[in-house]
Amino acid sequence: MEVPHKGDGNPKESSPFINSSDPEKSQQYDGKNMALFEEEMDTSPMVSSLLSSLANYSNLPQGSKEHEEAENNEGARKKPVQAPRMGTLMGVYLPCMQNILGVILFLRMTWMVGIGGVIEAFIIVLMCCSTTMLTAISMSAIATNGVVPAGGSYYMISRSLGPEFGGAVGICFYLGTTFAGAMYILGCIEILLIYIAPQAAIFKMEGLEGPEAEAAMLNNMRVYGSLVLTFMAIVVFVGVKYVNKLALVFLACVISSILAVYAGVIKTAIEPPVFPVCMLGNRTLIWKGFDVCAKVMERENATVTTKLWRLFCDSEFLNATCDTYFANNNVTEMQGIPGVTSGILKENLFGNYLEKGVILQKKGLSSYDEPDALPTNTNRYVVADITTFFTLLVGIYFPSVTGIMAGSNRSGDLRDAQKSIPIGTILAISTTSFIYMSSVVLFGSCIEGSVLRDKFGEAVRGNLVIGTLAWPSPWVIVFGSFFSTCGAGLQSLTGAPRLLQAIARDGIVPFLRIFGHGKANGEPTWALLLTAFICESGILIASLDSVAPILSMFFLMCYMFVNLACALQTLLRTPNWRPRFKFYHWALSFLGMSLCLSLMFICSWYYAIVAMVIASCIYKYIEFQGAEKEWGDGIRGLSLSAARYALMRLEEGPPHTKNWRPQILVLVSVDAEQNVEQPRLLSLTNQMKAGKGLTIVGTALAGTFLDNHPQAQQAEQSVKKLMETEKVKGFCQVVVSSNIRDGTSHLVQASGLGGLQHNTVLVSWPRNWKQAEDHQLWRNFIELVRETTAASKALLVAKNISAFPSNGERFTEGHIDVWWIVHDGGMLMLLPFLLRQHKVWRKCKMRIFTVAQMDDNSIQMKKDLTTFLYHLRIDAQVEVVEMQDSDISAYTYEKTLMMEQRSQILKQINLTKTEREREIQSITDSSRGSIRRKNPAAVTTQLSVTEEPAASSKEEKPEEEEQLIHDKSTNPPTPATPQSPAAEAETPSTVVQMTWTETKCDGEQAKPLGVTTNEAIKDLFNMKPNQSNVRRMHTALRLNGEIVKKSQEAKLVLLNMPGPPRNRTGDENYMEFLEVLTEGLNRVLLVRGGGREVITIYS
């Protein structure tokens, strides 16, 4: 069975064994033993098939799948040959050794010891090696926590820290590897042009001094570096297998060079090699252009001048005019390699940092120099080519300890990666750390300080300084280091494109996707081109000392995140965190991480900042643009732990008034296609929230969860899509309940978690509540008002929601009017302030109206309100509206009467099904009783206890009842006027339609049971409205008149929402009051407080 490739662009890396439809697997369920599980056969494999799939699991490295397919196409019948798997030695230990030991050891180590001294150099080596050792321990823990496919460190970091960190660090690691290639190529050219073939230089340096000589050298490096890079890129493009075959040869060069150095050290104790250094006074001379280290020499009993004399004097005669310093000081020759037993270590213990252009001098030698005389003939002396300081040495040295990932990068080719990676990597670091530390001490013990500080070996006839120590010949080191740097450069150019290809194929950085493509066999062609281009930018810098700190930054950042990943997983105790490597601890990982961060700023604080900015930009880019991946990473785990901790803290008590903000539950309804019916509610939410606080968008569906699950998912997707469009940051919740009323109630009660719960409910006004078929709509609405009050939640009701502005609109002027009638915690003050933070409402001014009664002092009220707003730091105009007592108008009386009559009619029309059936039962019983007694004046009252029929009528009851129900459901109502009980019994459908009570009538149709129409109409007009309702209607009309007069042109009106009646008999009247209160206004937000203060004057 083929297993989905890790990082193949799938949004989720689920198990390859679940939900896979394989006909062979399903056959394994056939049989009597597994009949109990046959229902699951399509989704869950049996254990036996799972284990066989695991046994056949092929862990292919990145890009090799296509390579394998290409080979299979060439010979369809050819059996694929399994590549031999490597053990710890060949697969991890030797590759790590080859990558760690390299150019810096051969070209800069002696110079570093000379400049920094043995003690400081040893500290640098110890710091850097400790960092890599701690990183290796963290890496071993991660690498042994499950199968690590090819992609090595990038794969480990991305799967441990998530796609954002993984992408950022992966690209940093890629850049580090690419610049390492540039550094190796520059090292290779430096060995070629200085030590092997100086005459090959295109830009000649003969006779040049100072900046000119330096520029010529850098130009040579650029030209030759570009040529070598081109050649290496072609080699990698043509066939990477040749690079792998040569790897062992290059490794042999490195090991033979190191052994030669150790052999040379041993030989110095017996017989030191002869490498004389010529000193003029205490200045070190470049041994070039002369053969004898003396001013004059005796030849045939005559004193003759040497070639050295001619370099400093204008003629070869003894009476020639010479350089002042040359004339005043003696020439002495001393041994460049005194040997390990000479005691030179004492002189080399401490640092000797130099400014650029300073001549190298030896302490303890006599020297006479004229005061204030500028040095002349500086091109004859060995001078410092760069200004040195401790942090520079750290930056230059650190690349020599990188390369610890070489083993984990080959995890796909290892026999047992979980065993080999920790052992091989830690052994390789231990070995190389020993080599580096012993080298520091041995170089300081064997070589003269002035030779150590001579970076290019000019004082020892242009020999490589480390080569002077080697046995049997300096050329062993020169050629060994040359081939090892070539090999390391090729390895970098091979590894970097594959790493970029792995990142590109994961699809987390969209603009890199093109680099995921390659040749038919999977070779990353485009990635190789980009790598060569970046590598060329490093070569154009041309200075090994300048390139080294750049790649130090990228590697240090990568190692830092490996340590962070391990520490995070350990501290979070993720259930999946079960590494086979047990010798790790989160404290070690944190120490490693701290060391990495410290070294970044020690090496170069400005490079460190640049590297961090690059990583941050990539992180944010992936966060906003990248594919949504769920890799079970540690950052998700950290988010979960942080969220749990924060929620537990929130549980400790309600938020202080200063921290109160509306956490909104937005209740929306969906249509038959599961699309949101009020999208502007979410626009309003966004304008109120401005991305802050909690937002839950909830909707309820009627039905059962099992039957309506697909519709619920569809509704959830629809709501989420709208939230994304309206830029509402929050959560979506869809509830399926037996009816909408209960579903809404569940949302109000149960939305949120712990302390992170909504405190405000936002809903739109039920538009068609007056229509008979939507009678349940307003009942649900009133129940919602009651429930929010009971739950101490604030309620916001948006009336005319379709007229509210979208997020794209902008009001250039206008007012937000607040009608503050009763104080309910300050919500009315807070909401306009929040709205005005948004671009839509920013230009609107705020006005606050309050109502004064007869006995109120309106002038004082206005002063107090102005002071209150000043203390609240809210900028608003204040106006006090005086409401004089006035008689209740006839219009008010008439409107209340119409409302009550309409309510009674609605009650008849809108009987629920249950009520209708009970009504039918009631009428049937009455009818039978009246027929039996021949009593035409019998009156039935709605839902009242009817008279008991005689016992003899029991037999006919089922028939009559059945007939009544049948007629009700099938026959349309006919406007007949039965004049007798017999007629009433014959046309029962009309009876059902026209039942009436003592206080109400259902319409224009004739009244049953002998009551005349005239009497019924008279009854209707004789109804008297409830006095309480009249008073409420009076208030609503008066208030509405004032609001329309003052705020008709306002962009938004906010006003207190009165509470529903305590008893449920007047519910429909309550809706009418609210309708009257807001009549004639365009946009209204009715606000009902949650019973707590939400705004304070205190800081």
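Provided above is the structure to which this section pertains.
We now turn to the structure provided with this report. (Residues numbered from 1 in each chain as written. Predicted model: local features only at pLDDT ≥ 70, side-chain atom pairs only at ≥ 80, totals over all residues. Heavy atoms only, no water.)

Here we take up the pattern of salt bridges. Pairs can form between side chains of opposite charge once their charged atoms are near each other. According to the stated counting rule, one finds 15 salt bridges in the structure shown. Note that K362 is salt-bridged to E448, the shortest N-O span being 2.8 Å. Taken together, the residues K362 in the loop between α12 (345–348) and α13 (390–397) and E448 in the loop between α15 (417–446) and α16 (449–452) connect sequence positions 86 residues apart. Judged by relative accessible area, which is 12%, K362 ranks as buried. E879 is the partner of K1046 in a salt bridge, and the nearest nitrogen-oxygen pair spans 2.6 Å. With K1046 in helix α36 (residues 1027–1047) and E879 in strand β13 (residues 877–882), the pair connects residues that are 167 residues apart, well separated along the chain. For K1046, a relative accessible area of 31% gives the class partly exposed. Here E879 falls in the partly exposed class, since its relative accessible area comes to 29%. (Salt bridge = Lys/Arg side-chain N within 4 Å of Asp/Glu carboxyl O. Helix = DSSP H or I, 4+ residues; strand = E, 2+ residues; numbered from the N terminus. Buried < 20%, exposed > 50% of the residue type's maximum accessible area, 1.4 Å probe, protein only.)

Note on placement: R786 falls in helix α27 (residues 775–790). Assessed through its relative accessible area of 15%, R786 is described here as buried. A distance of 3.2 Å separates the side chain of R786 from the side chain of E783, its partner in a polar contact. (Polar contact = N/O pair within 3.5 Å; in protein donor to acceptor, adjacent residues only side chain to side chain.)

One pass over the full model with this rule turns up 24 aromatic pairs. Summarising the aromatic geometry, the rings of W309 and F326 are spaced 5.8 Å apart at their centres and angled 75° between planes, so their arrangement reads as edge-to-face. One end of the pair, W309, is in helix α10 (residues 307–312); the other, F326, is in helix α11 (residues 324–328), and 17 residues separate them in sequence. Accessibility assignment for this pair places W309 and F326 in one class, buried. Judged by centre distance (4.6 Å) and plane angle (10°), the ring pair of W819 and F849 falls under stacked. One end of the pair, W819, is in strand β11 (residues 815–820); the other, F849, is in strand β12 (residues 845–852), and 30 residues separate them in sequence. Classification of F849 by relative accessible area gives buried; the value is 1%. (Phe/Tyr/Trp six-rings, centres within 6.5 Å; stacked < 30°, edge-to-face > 60°.)

Here we come to unusual backbone geometry. A negative phi holds for most residues other than glycine; trans holds for most peptide bonds. The linkage connecting W471 with the following residue, P472, adopts the cis geometry, with an omega of 10°. On the secondary structure map, P472 appears in the loop between α17 (465–469) and α18 (474–506). In the Ramachandran plot, K727 falls in the positive-phi region, its phi being about 60° despite a non-glycine side chain. With respect to the helices and strands, the residue K727 is situated in the loop between α25 (705–725) and β8 (731–737). K727 gets classed as exposed once you look at its relative accessible area, which sits at 63%.

Below, the discussion takes up the sheet that holds strand β5 (residues 331–335). Strand pairing in a sheet relies on backbone hydrogen bonds. The paired strands run either parallel or antiparallel. Read across the open sheet, the three strands follow the order β2-β1-β5; overall the sheet is antiparallel. Edge positions in the sheet fall to β2 (283–284) and β5, since each of these pairs with one other strand and no more. Pairing between strand β1 (residues 276–280) and β5: five bridges, direction antiparallel. Directly across from C278, in β5, lies its bridge partner E333. (Pairing = 2+ DSSP bridges.)

Nonpolar side chains collect at one region of the surface, where L597, F601, W605, Y606, I609 and V613 lie side by side and expose about 590 Å² of accessible area between them. Elements with a contribution of two residues or more to the nonpolar patch: α21 (586–603) and α22 (605–625). Taking the relative accessible area as the measure of exposure, W605 reaches 53% and is therefore exposed. (Patch = residues over 30% accessible without salt bridge, like charges linked within 9 Å, V, L, I, M, F, W, Y side chains within 5 Å. Areas by Shrake-Rupley, 256 points an atom, 1.4 Å probe, with all protein chains shown as cover.)

Moving on to the state of the cysteines. One pass over the full model with this rule turns up two disulfides. Sulfur-sulfur distance for the disulfide between C278 and C293 comes to 1.9 Å. The sign of the S-S torsion, about 85°, decides the handedness of the disulfide formed by C278 and C293: right-handed. Note that C278 is positioned in strand β1 and C293 in the loop between β2 and β3 (296–299), a separation of 15 residues in sequence. Note on accessibility: C278 and C293 belong to one class, buried. Across the protein, the way the bonded cysteines pair up, counted in sequence order, is 1-2, 3-4. Its sulfur unpaired, C596 is 9.1 Å from the next cysteine sulfur, which belongs to C558. (Disulfide = S-S within 2.5 Å.)

Time to look at the nonpolar core. Nonpolar side chains in soluble globular proteins tend to be buried together. Residues Y397 and Y436 are the most contacted members of the largest nonpolar core, which totals 167 residues. Among the elements that line this core, the one with the most residues is helix α7 (residues 152–196), at 25 residues. When residues no more than four places from it in sequence are discounted, the contact partners of Y436 are I100, L101, G102, L105, M109, V125, C129, Y397, S400 and V401. One finds V697, M723, A798 and L872 within the second-largest nonpolar core, a separate group that totals 51 residues. (Core = buried A, V, L, I, M, F, W, Y, C linked by side-chain atoms within 4.5 Å. Contact = heavy atoms within 4.5 Å.)

The strand order across the open sheet formed by 10 strands is β8-β7-β6-β9-β10-β15-β14-β11-β12-β13, and the pairing between neighbours is mixed. Two strands bound the open sheet, and with one partner strand each, they are β8 and β13. Ignoring which end each strand starts from, the neighbouring axes of this sheet average 20° apart. In this sheet, strand β7 (residues 695–702) lies alongside strand β6 (residues 664–667) in parallel orientation, the contact comprising four bridges. Across the sheet, residue I664 finds its bridge partner in β7, namely T695. (Axes fitted to C-alpha atoms, helices over the stretch in contact; angles between N-to-C directions.)

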